Amino acid sequence: MAAPHRTNAARLLDSAHIAYELVPYPVDENNLAASHIAETLGEDINRVFKTLVLKGEKTEYFVCDVPGNMEVDLKKAAKASGAKKADLIPMKDLLPTTGYIRGGCCPVGMKKKFPTFFHSTVTDFDFIYVSAGQRGLQFKINPADLIAYVGAEVADIACFV
C-alpha cells in the first residue's frame, strides 16, 4: 500500500509536535463499522474509537469518542456535556458541521472546536486508534496526548450494545 497522504488532522498534530502513526486500511464502503476496522487491522476492538457528533437540546454540538464495541449512551453523554438530553446529529449535517464524512470523522481538525468527551476506558491503553480524517486512514496515538490536544474530558459516556 502506498504511503498515505497527510490529512489536515495529521498536519495539525505535526504542528503541535504530537507523536502518532498513520495506519492505512482498505475501505469497504458497505461496512464502515469500527469492528470492521479493528478486524482489518488485527487490533482489539476496545482500542478502536469511533468519533460521534451529538447535539444537546440547547443547540450545542459536542463530540463523543467511544470504543468500537460500544454505543454512546445519550443520557450519560448529555449529562457529561451539561445538557438535559442529546441526540446524534443527522448524517446530512455531519459534513457541514464538522468538515468530515461518516467513516472519516476525527476529533482533530473539525471546522469548529467542540466540547469533546472520550469514554473512560480510553485511559486503559497506551495507544488507541481514531480516524485520521478520511476513510481508510487511522491514527495510532497515545490517548493522553490526543485528549490533551483536543481539550477533551474523560467520562462514562457509553454502554455495550
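Rules behind the numbers
- Residues numbered from 1 in each chain as written.
- Predicted model: local features only at pLDDT ≥ 70, side-chain atom pairs only at ≥ 80, totals over all residues.
- Heavy atoms only, no water.
- Helix = DSSP H or I, 4+ residues; strand = E, 2+ residues; numbered from the N terminus.
- Rg over C-alpha atoms; globule rule 2.2 N^0.38 Å.
- Buried < 20%, exposed > 50% of the residue type's maximum accessible area, 1.4 Å probe, protein only.
- Contact = heavy atoms within 4.5 Å.
- Areas by Shrake-Rupley, 256 points an atom, 1.4 Å probe, with all protein chains shown as cover.
- Lys, Arg positive; Asp, Glu negative; His and termini not counted.
- Charge placed at Lys NZ, Arg CZ, Asp CG, Glu CD.
- Core = buried A, V, L, I, M, F, W, Y, C linked by side-chain atoms within 4.5 Å.

The subject of this paragraph is the overall build of the protein. Of regular secondary structure, the protein possesses five helices and ten strands. Its C-alpha atoms give the protein a radius of gyration of 15 Å, near enough to 15 Å, the size a compact globule of 161 residues would have. Counting only C-alpha atoms, the protein reaches 45 × 30 × 30 Å along its principal axes. Within the span of the protein, comprising 161 residues, buried residues form 47% of the whole. Considering only contacts in the protein between residues 6 or more positions apart, those separated by 24 or more positions represent 61%. Entry remark: accessible area of the protein is about 8,200 Å², with carbon and sulfur atoms responsible for 53%. Of the charged side chains in the protein, 18 are positive and 19 negative, and the gap between their average positions amounts to 8 Å.

Turning next to the nonpolar core. In this structure, F118, I128, F139, I141 and L146 are the most contacted members of the largest nonpolar core, which totals 30 residues. Only α1 (8-15), β1 (20-24), β2 (49-56), β7 (128-134), β8 (137-141) and α5 (143-150) provide two or more residues apiece to this core.

Moving on, we come to the side chain of T97. Checked against the element boundaries, T97 lands in helix α4 (residues 91-98). Overall, the relative accessible area of 14% leaves T97 in the buried class. Every residue in contact with T97, bar those within four places of it in the chain, is listed here: Y61, I89, K111 and F114.

Just geometry here; none of it tells us what the structure is for.
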